[in-house]
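# Summary of structural features
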Amino acid sequence: MLVNTWQHAAKETYTGIDWTVEALFQSRFYPIFSLLFGISFVLYLERAGRWSLLSRLLWLMVFGLVQHIWYPGEVLTDYAFYGLIVLLPASFLSRGVPVLLLGLGVTAWGVMAGGGVLLIPGMFLVGMALMQLRPPRELLLPAFGVSAVCGVLLAAAASLSGDWTLYTLGALAGAAAYSTGLVLVLRPWLSAVLEPLGRMALTNYVTGTLVIFFAGGLVDADPTRWSVLAVAGVTVAVQAVFSRWWLRRFRYGPLEWIWRMLTRFRRVPNRLESGRDENRPLPGPGVT
């Protein structure tokens with residue numbers, strides 16, 4: 001939310017907030033979301049099968065095309081497209097190592113081709129492979145240490161040289177550091193905040209882009225960029241409270257529920273009778 005809001009702000013002057021977002025957050029999070037999409041793909045495939053996944057991806061494309069009307073930078077169509085041409089065919093490969101090697105190769109191609117959305121298919125495959133291999137938790141700490149050091153060194157080198165490839169590699173290392181570091185520090189109270197946000201990832205992403213659209217004038221009129229922090233912070237706080245409130249009453253978020261019914265082409269019960277969801281929902285994009 002922070003990066004997306006910042007990207008859509010007019011930047012006639014460069015501020016400390018701009019430098020911080022660009023150095024520490026820009027390009028670090030869509031690799032994480034892509035990785036999570038690959039992980040959730042495996043979970044959904046194990047429970048629902050390829051035909052259901054095909055329908056799910058096609059309807060995700062429709063959501064993205066609708067969202068594109070007010071938010072040209074949406075990523076849902078990219079996720080649906082690469083899911084169709086990369087993840088579904090990869091599901092026929094041998095599990096684990098072959099998928100991981102393919103993912104690393106496609107990621108390397110994405111880096112050399114300029115990064116950006118071209119990193120999505122590789123991250124999809126790497127996430128898919130990690131979910132299949134289930135690496136031991138003992139690897140988290142060394143993975144965090146190596147990725148954090150590499151992220152800092154590559155970001156510094158990219159800043160000095162202006163080399164986009166170094167910046168992309170630094171962003172990938174930073175993404176690895178953020179994701180492994182979060183898992184290392186994850187505690188029940190933090191999970192209680194993040195899990196509802198994740199289970200309603202599609203709803204929160206789409207509503208977040210609506211906020212960016214309507215708050216555009218406010219953000220553009222503020223040369224200090226503090227309004228970017230305010231809009232992003234307030235939006236995420238409201239979404240966290242609303243997601244927790246909603247999921248105490250319903251099994252799925254509003255858009256997640258519509259997506260599930262479209263995928264299955266039938267009505268799916270959503271309201272909880274007792275306020276507690278005994279049946280966990282199938283994963284969706286990101287960490288739903």
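Residues numbered from 1 in each chain as written. Predicted model: local features only at pLDDT ≥ 70, side-chain atom pairs only at ≥ 80, totals over all residues. Heavy atoms only, no water.

Across its full length, the chain holds 14 helices and 0 strands. N-terminal to C-terminal, the α/β element order of the chain is α-α-α-α-α-α-α-α-α-α-α-α-α-α. At 19 Å, the chain has a C-alpha radius of gyration in line with the 19 Å of a compact globule built from 288 residues. In terms of overall dimensions, the chain has C-alpha extents of about 55 × 45 × 35 Å along its principal axes. The buried share of the chain, reckoned over its 288 residues, is 45%. At a minimum sequence separation of 6, the contacts of the chain that also span at least 24 residues come to 72%. Total accessible area on the chain is roughly 14,800 Å²; 72% of this is exposed by carbon and sulfur atoms. Side chains of the chain give 22 positive and 15 negative charges; the mean places of these two sets differ by 13 Å. (Helix = DSSP H or I, 4+ residues; strand = E, 2+ residues; numbered from the N terminus. Rg over C-alpha atoms; globule rule 2.2 N^0.38 Å. Buried < 20%, exposed > 50% of the residue type's maximum accessible area, 1.4 Å probe, protein only. Contact = heavy atoms within 4.5 Å. Areas by Shrake-Rupley, 256 points an atom, 1.4 Å probe, with all protein chains shown as cover. Lys, Arg positive; Asp, Glu negative; His and termini not counted. Charge placed at Lys NZ, Arg CZ, Asp CG, Glu CD.)

Its boundaries defined by the atoms lining it, the second largest pocket holds a volume of some 530 Å³. What lines the second largest pocket is a set of 22 residues, and nearest its centre among them are Glu22, Ala23, Leu24, Arg28 and Ala155. Secondary-structure elements contributing two or more residues to the lining of the second largest pocket are helix H2 (16–24), helix H8 (140–161) and helix H9 (164–185). Ranked by residue count, the leading element in the lining of the second largest pocket is H8, at 8 residues. Class assignment of the residues belonging to the lining of the second largest pocket gives a composition of 13 nonpolar, 6 polar and 3 charged. (1 Å grid on protein atoms, 1.4 Å probe; cavity = no way out; pocket = protein on both sides within 12 Å on 5 of 7 lines; lining within 4 Å. Points joined across faces, edges and corners; volume = space filled by probe spheres on them. Nonpolar A, V, L, I, M, F, W, Y, C, P; charged D, E, K, R; others polar.)

A few words on the environment of Ile258. By secondary structure assignment, the location of Ile258 is in helix H14 (residues 254–264). Counting along the chain gives 10 residues from Ile258 to Val268, while the straight-line C-alpha distance between them is 8.8 Å.

For the pair helix H3 (residues 30–48) and helix H7 (residues 120–133), interaxial distance at closest approach is 7 Å and the crossing angle is 45 degrees. In terms of orientation, H3 and H7 fall into the oblique class. For the pair H3 and H7, the crossing hand works out as right-handed. Here Pro31, Ser34, Leu35, Phe37, Gly38, Ile39, Phe41, Val42 and Leu43 of H3 come into contact with H7, specifically with Ile120, Met123, Phe124, Val126, Gly127, Met128, Leu130, Met131 and Gln132. Of the residues assigned to the contact of H3 with H7, the class counts are 14 nonpolar, 4 polar and no charged. (Axes fitted to C-alpha atoms, helices over the stretch in contact; angles between N-to-C directions. Parallel < 35°, antiparallel > 145°, perpendicular 65-115°, else oblique. Left-handed = near helix turned anticlockwise from the far one by under 90°.)

Before going further, it helps to spend a moment on the packing of helix H4 (residues 50–67) against H14. H14 packs onto H4 with a crossing angle of 130 degrees between their chain directions and a minimal axis gap of 9 Å. In this view, H4 runs oblique relative to H14, as classed from their interaxial angle. Helix-helix and strand crossings are classified by hand; for H4 and H14 the assignment is right-handed. Packed against H4, whose contacting residues are Ser52, Ser55, Arg56, Trp59, Leu60 and Phe63, the element H14 presents Leu255, Ile258, Trp259, Leu262 and Thr263 at the interface.

Two numbers describe a pair of aromatic rings. These are the distance of the centres and the angle of the planes. Scanning the entire structure with this criterion turns up 14 aromatic pairs. On the numbers, 5.4 Å between centres and 15 degrees between planes, the contact of Phe29 with Tyr178 is stacked. Taken together, the positions of Phe29 in the loop between H2 and H3 and Tyr178 in helix H9 put the pair 149 residues apart, joining distant regions of the chain. Residue classification places Phe29 among the partly exposed positions, given a relative accessible area of 28%. Ring centres of Phe63 and Trp259 lie 6.4 Å apart, and the angle between their planes is 80 degrees; on these two criteria the pair is classed as edge-to-face. (Phe/Tyr/Trp six-rings, centres within 6.5 Å; stacked < 30°, edge-to-face > 60°.)

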